[in-house]
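Chain by chain, the residues:
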Amino acid sequence: MKRVACTISQALVLVLIATGLGLATNAVRGKDRIDLRRDYFRRPDPVRLTASGPAPATQSADGPVRPGPDPNASLPFQVVELAEVKQLFDDPKSGTGQYVFVDARADEPFQRGHIPGAVQCDYYRIDFYIESVLNRVLGAEKVVVYCNGGDCEDSLHVCGELLNSQIPWGSIFLFKGGWQEWHQAGYPVETGPARE
Amino acid sequence: MKAMTTHEGLLRRLDRSGVPLLLARLFVGGMFAYLAIMKLMDPINFLKLTHQYGVLPASPPVLLNLTAVVMPWVELVCAAALLLGLTTRGAALVVVGLLLFFTPLLALHAWGLYTDPTRHFASYCAVKFDCGCGTGEVFICRKLAENIALLAAALIPLLSGSKRFCLDALLVRSRAGAAAAA
């Protein structure tokens, strides 16, 4: 009985030491720090975010179509396919900053390869990127956001963050196929860190 | 009856030699240290992979986030304790608890990813995913076999009566020495 109690108390002490070490190292981790109170996985809700914004309606009665989020859509942002993304990439407006590509992946995959000229905005470390990303996308006509593709939801979260930062819903586009589709299509690739 | 007694005697003698305990400590401690370091190298990725199991509630987020922060350290501290032979049984208890909790969870998660309508065992074994264990993408059957081997090995320090090659033994001896001197 004494042996069982001793074993359990040893286990508790080890877990307490680990908790202390975990919290202490997390506090000084910088870019890799996990914000304990942040809900990293909450799906963005553009309908709510644009409710008080300037363009929530999908159709105005006496004017042109004004884009807005559709509460019934499976994805709450405008989705672009590979062919459209390539067209936007080839458009001269990409070179002038009117069309901007935002890569929502972490450093390592981004530096291994990304759409040329894309600006990095790692969703999980967004505090380190959002300022420079906003400098690039504020005033842009179209902002195409992508991540790895497949089940990846990081681009969706970055779309939500951009909308939260006053980027109009109508200029945000989600490239669901993401890096996988772009890379598999054999389109141009840039490696290394993002351009200044 | 005599054969059983001899058999028991053999096991006890083997346990008293401290060799099975030492080997088990090195195997489990080494594996857990490696897996913990791999997780600590990319905590955000570990957080994402922990979330995929859907075991912890997403709201409030603090529980999920705290687990991602603390879990690799629990593994590393227990690994260090096992390798040093310090608080060996306590560390083994934590390791056994972790393995008993996560191994069925892994099997269930792989079952969720298992889409083959024929339900052949071989195709279940072909399910490959990043389990968040620190080893990247793995085949489920290989991972389950690895966890069962770890569990079996972790039971040795938990149940062993030996303290040979452990710092625990030094502590007990120095405490006994101090008591005798007093």
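See the structure printed just above.
Residues numbered from 1 in each chain as written. Chains lettered and ligands numbered in written order. Predicted model: local features only at pLDDT ≥ 70, side-chain atom pairs only at ≥ 80, totals over all residues. Heavy atoms only, no water.

Draft legend 1. Spotlight on the overall build of chain B. When its secondary structure is counted, chain B shows eight helices and two strands. For chain B, the N- to C-terminal ordering of α and β elements is α-α-α-α-α-α-β-β-α-α. Computed over its C-alpha atoms, the radius of gyration of chain B comes to 20 Å, more than 25% above the 16 Å expected for a compact globule of 182 residues. Dimensions of chain B, computed from C-alpha atoms along their principal axes, come out at roughly 65 × 45 × 25 Å. (Helix = DSSP H or I, 4+ residues; strand = E, 2+ residues; numbered from the N terminus. Rg over C-alpha atoms; globule rule 2.2 N^0.38 Å.)

Draft legend 2. Representation of the state of the cysteines. Residue and element names in this part refer to chain B. Applying the stated criterion across every chain, the model contains three disulfides over all chains. Residue C125 pairs covalently with C141 via a disulfide, S to S 2.0 Å. With the S-S dihedral at roughly -75 degrees, the linkage between C125 and C141 falls on the left-handed side. Highlighted residues: C125 in helix 6 (residues 121-125) and C141 in helix 7 (residues 140-159), separated in sequence by 16 residues. Among the residues examined, C141 registers a relative accessible area of 19% and is labelled buried. C131 shares a disulfide with C133; S-S distance 2.0 Å. Given the relative accessible area of 4%, C131 is considered buried. With relative accessibility at 11%, the residue C133 sits in the buried group. For chain B, the bonded cysteines connect in the pattern 1-4, 2-3 when numbered consecutively along the sequence. (Disulfide = S-S within 2.5 Å. Buried < 20%, exposed > 50% of the residue type's maximum accessible area, 1.4 Å probe, protein only.)

Draft legend 3. Molecular detail of the environment of Q10 of chain A. With respect to the element layout, Q10 of chain A can be found in helix 1 (residues 2-27). On the basis of relative accessibility, which here comes to 17%, the residue Q10 of chain A falls in the buried class. The residues touching Q10 of chain A, leaving out its near neighbours within four places in the chain, are T87, T88, R89 and G90 of chain B. One polar contact links the side chain of Q10 of chain A to the main-chain amide nitrogen of G90 of chain B, over a distance of 2.8 Å. (Contact = heavy atoms within 4.5 Å. Polar contact = N/O pair within 3.5 Å; in protein donor to acceptor, adjacent residues only side chain to side chain.)

Draft legend 4. Representation of the packing of aromatic side chains within the structure. Here the structure, examined in full by the defined rule, presents twelve aromatic pairs over all chains. When the ring of F89 of chain A is compared with that of W182 of chain A, the centres are 5.2 Å apart and the planes differ by 75 degrees; the resulting orientation is edge-to-face. One end of the pair, F89 of chain A, is in helix 3 (residues 82-90); the other, W182 of chain A, is in helix 8 (residues 178-184), with 93 residues separating them in the sequence. Residue classification places F89 of chain A among the buried residues on the basis of a relative accessible area of 17%. By relative accessible area, W182 of chain A is classed as buried at 0%. Between the aromatic rings of W111 of chain B and Y114 of chain B, the centroid separation amounts to 5.1 Å while the plane-to-plane angle is 50 degrees, which identifies the pairing as tilted. Counting every residue linked through ring pairs, the aromatic cluster contains Y40, F41, Y123 and Y124 of chain A. The ring centre of Y123 of chain A lies 4.7 Å from the NZ or CZ of R38 of chain A, which sits over that ring. In this structure, K86 of chain A is placed above the aromatic ring of Y187 of chain A, and the distance from its NZ or CZ to the ring centre is 4.9 Å. (Phe/Tyr/Trp six-rings, centres within 6.5 Å; stacked < 30°, edge-to-face > 60°. Lys NZ or Arg CZ within 6 Å of the ring centre and 35° of its normal.)

Draft legend 5. Layout of the interface of chain A and chain B. Taken together, the 29 residues of chain A in the interface contact 33 residues of chain B. Of the roughly 2500 Å² buried where chain A meets chain B, counting both sides, 73% is carbon and sulfur surface. Remark: the boundary between chain A and chain B carries two salt bridges. Between R125 of chain A and D42 of chain B there is a salt bridge; the shortest N-O distance is 3.5 Å. Between chain A and chain B we count ten residue pairs in polar contact (both at pLDDT 80 or more) in total. The element that contributes the greatest number of residues to the side of chain A that touches chain B is helix 1 of chain A, accounting for 15 residues. (Buried area = accessible area lost by both parts, 1.4 Å probe. Salt bridge = Lys/Arg side-chain N within 4 Å of Asp/Glu carboxyl O.)

Draft legend 6. Representation of the environment of R136 of chain A in the model. All names here are of chain A. As for its placement among the helices and strands, R136 is situated in helix 6 (residues 130-137). A relative accessible area of 35% means that R136 is categorised as partly exposed. Each C-alpha atom, one on R136 and one on V102, is 9.6 Å from the other, the two residues being 34 residues apart in sequence. Ignoring sequence-local partners within four residues, the contact set of R136 consists of V100, G117, V119 and R195. Among the polar contacts listed, one links the side chain of R136 to the backbone oxygen of G117, at a separation of 3.1 Å.

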